[in-house]
Amino acid sequence: LTQTEKTKMDTSLVTFVVPARNAERTISACVKSILRQGTHLAELIIIDDASTDNTIQVATEAADNDSRLRILQLTTHSGIAAALNAGLKATKTPYFARLDADDICLAD
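The structure reproduced in this document is the subject of the present report. (Residues numbered from 1 in each chain as written. Predicted model: local features only at pLDDT ≥ 70, side-chain atom pairs only at ≥ 80, totals over all residues. Heavy atoms only, no water.)

Some words on the overall build of the chain
Threshold: In DSSP terms, a helix is any run of H or I states spanning at least four residues, a strand is any run of E spanning at least two, and both are numbered starting from the N terminus. Exposure categories follow from relative accessible area, calculated using a 1.4 Å probe and restricted to protein chains: below 20% of the type maximum is buried, above 50% is exposed, and the middle band is partly exposed. In this description, contact between two residues means that some pair of their heavy atoms is separated by no more than 4.5 Å. Note on areas: Shrake-Rupley with a 1.4 Å probe; residue coverage comes only from the protein chains shown.
Helices and strands together make up the secondary structure of the chain, namely four helices and four strands. In sequence order, the secondary structure elements of the chain are arranged as α-β-α-β-α-β-α-β. The proportion of buried residues among the 108 residues of the chain is 42%. Considering only residue pairs separated by 6 or more positions, the chain has 81% of its internal contacts joining residues 24 or more positions apart. Of the accessible surface of the chain, which amounts to about 6,200 Å², a share of 51% is contributed by carbon and sulfur atoms.

Concerning the sheet that holds strand E1 (residues 14-20)
Basically, it comes down to this: Two strands qualify as a pair provided that DSSP identifies no fewer than 2 bridges between them. Where helices are involved, their axes are fitted lines through C-alpha atoms of the stretch in contact, as for all axes, and angles between N-to-C directions lie from 0 to 180°.
Spatial strand order, E3-E2-E1-E4: four strands in an open sheet with parallel pairing. In the strand order of this sheet, the two ends are held by strand E3 (69-74) and strand E4 (95-98), each with one partner. Going from strand to strand, the sheet's axes swing by 25° on average, the running direction of each strand aside. Direction of pairing for strand E2 (residues 41-49) relative to E3: parallel, over a ladder of six bridges. Across the sheet, residue Asp-49 finds its bridge partner in E3, namely Leu-74. In this fold helix H2 (residues 27-35) packs onto E1 and E2, with an angle of close to 165° to the strand it touches most, E2.

A look at unusual backbone geometry
Positive phi, normally seen in glycine, also occurs at Asn-22, with a value near 50°. Along the chain, the position of Asn-22 falls in the loop between E1 and H2. With a phi angle near 50°, Asp-64 is a residue other than glycine that sits in the positive phi range. Mapped onto the elements of the fold, Asp-64 is located in the loop between helix H3 (55-63) and E3.

Digging into the pairing of E2
Filter applied, for reference: Consider the strands pointing away from the viewer: the crossover is right-handed when the path from the first strand over the helix to the second runs clockwise.
Counting buried residues along E2, nine of its nine residues qualify, which places the element largely inside the surrounding structure. Here seven bridges tie E1 to E2, and the two strands are oriented parallel to one another. Bridge pairing in E2 places Val-18 opposite Ile-46. Handedness of the β-α-β unit built from E1, H2 and E2 comes out right-handed. At this point the chain moves from E2, through H3, to the parallel E3, and the crossover so formed is right-handed.

Structural notes on the nonpolar core
Our working rule: By nonpolar core is meant a set of buried Ala, Val, Leu, Ile, Met, Phe, Trp, Tyr and Cys residues that side-chain atoms within 4.5 Å join together.
In this structure, Phe-16, Val-18, Ile-27, Val-31, Ile-34, Leu-44 and Ile-46 are the most contacted members of the largest nonpolar core, which totals 21 residues. Mapped onto this core, the elements with two or more residues apiece are E1, H2, E2 and H3. The element best represented in this core is H2, accounting for five residues. Those residues in contact with Val-18, other than ones at most four positions away along the chain, are Ile-27, Cys-30, Ile-34, Leu-44, Ile-45, Ile-46, Ile-47, Leu-99, Asp-100 and Ala-101.

Considerations on the packing of H2 against H3
When two helices pack together, their arrangement is given by the angle between the helix axes and the distance between those axes. Let me state the cut-off plainly: Take the far helix as the reference: if the near one is turned anticlockwise from it by less than a right angle, the crossing is left-handed, and if turned clockwise, right-handed. Only Asp, Glu, Lys and Arg are considered charged, only Ala, Val, Leu, Ile, Met, Phe, Trp, Tyr, Cys and Pro nonpolar, and every remaining residue, Gly among them, polar.
Where H2 contacts H3, the two axes come as close as 8 Å, and the packing angle between them is 35°. Handedness of the crossing formed by H2 with H3: right-handed. Counting all contacts with H2, which are made through Ile-27, Ser-28, Val-31, Lys-32 and Leu-35, the residues of H3 involved are Thr-55, Val-58, Ala-59, Ala-62 and Ala-63. By residue class, the composition of the contact of H2 with H3 is seven nonpolar, two polar and one charged.

Following this line, the structure appears as structure tokens:
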């Protein structure tokens, strides 16, 4: 991370953690709704639980090169608990919010 990114992480409060498996139909709305959140959003971590569809591609396109998106890929289907644990281990902020891939987040 650059110093600017580290500073941004330090001053941002919340990481959104979203486990996803075969969620290509819903992940776009989820990603867009999270990235519309205010300045307290540090990053969005999507944990792909070995999807067999286009979940990762759809999520990446929905983020439109937003640097706050990070995708973790599990190589074997491990279940929602394992995906969430992987996401929580990857957070760098004091707070996190957890959403499912078919949820949307309303504006601040």
